[in-house]
Amino acid sequence: MAVLTRRNLGRTARLWSWVAMLGAPFVLLMGVLLTTGTGPGAQPPVEMWRTGPAGEPLELLPAAGDAAVWGRPSSAGVTCTTARSSGDPVADLPVGPVEGLPSTVQDAGGTGEWTLLAVTAGTGAAATVTCSGGDLAEVAVSADPSVAGTPGFGLALIVFAPVLFLLGWLTRRAVRGPRAPAAR
């Protein structure tokens, strides 16, 4: 029995057209959910992993990549520096809002609201961070929330969904046989 017969190819094309046309709305829905940040890939809640008083060195997350440094009650007049485990300084962190990150978050662990101070991106050799100044009373470290999903893939799905539907519809039209003349 031959696999690549005209009949088998027609069946496969019809099945694919149904899958494409019925799957396109689901692809569109996933794109909208990802773009709005409510779907699977939405930014996870921020959980503070370590906390300590202002002015004291706070250990950064081991091997977790970049970290976000949070403080309370505010970030006005605060300076943050990173250091190696030996105490040698690594870098002064720019304190203030970071594009793409919320300026304040509620800790998923239940410790309350925190204000973003800095992100340790580019300071891979740093083992501790010390923040002081202003009216800063407490400092916390979490994983960098900016590494969560971005809406770029969601936008690609939104663009792809109508194309998928159109390809399914065109395939369906191409594989259907000639129409019988209407009976009179």
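Whatever comes next refers back to the structure up there.
All figures in this text were calculated on a predicted structure; none of them were measured in a lab.

Calculation rules
Residues numbered from 1 in each chain as written. Predicted model: local features only at pLDDT ≥ 70, side-chain atom pairs only at ≥ 80, totals over all residues. Heavy atoms only, no water. Helix = DSSP H or I, 4+ residues; strand = E, 2+ residues; numbered from the N terminus. Polar contact = N/O pair within 3.5 Å; in protein donor to acceptor, adjacent residues only side chain to side chain. Contact = heavy atoms within 4.5 Å. Expected span 1.5 Å × (residues − 1). Bend = angle between axes of the 7 residues up to and from the residue. Buried < 20%, exposed > 50% of the residue type's maximum accessible area, 1.4 Å probe, protein only.

*Asks:* Which residues make up the side chain of serine 142, and what values go with them?
*Replies:* Assignment of secondary structure puts serine 142 in strand E9 (residues 138–143). Separated by 2.8 Å, the side chains of serine 142 and tryptophan 70 make a polar contact. Once you skip the residues sitting within four places of it in the chain, serine 142 turns out to touch Val46, Glu47, Met48, Trp49, Leu61, Ala67, Ala68 and Trp70.

*Asks:* I'd like a rundown of helix H1 (residues 6–36), residues and numbers included.
*Replies:* Its 31 residues place the ends of H1 44 Å apart at the C-alpha level, agreeing with the 45 Å of an ideal helix rising 1.5 Å per residue. At glycine 23, H1 is deflected by roughly 35 degrees, the largest bend along its length, and proline proline 25 occurs up to four residues later in sequence. Looking only at H1, the buried set comprises Gly10, Ala13, Ser17, Ala20, Met21, Ala24, Val27, Gly31 and Leu34. Where H1 is buried, its residues contact helix H2 (152–175).

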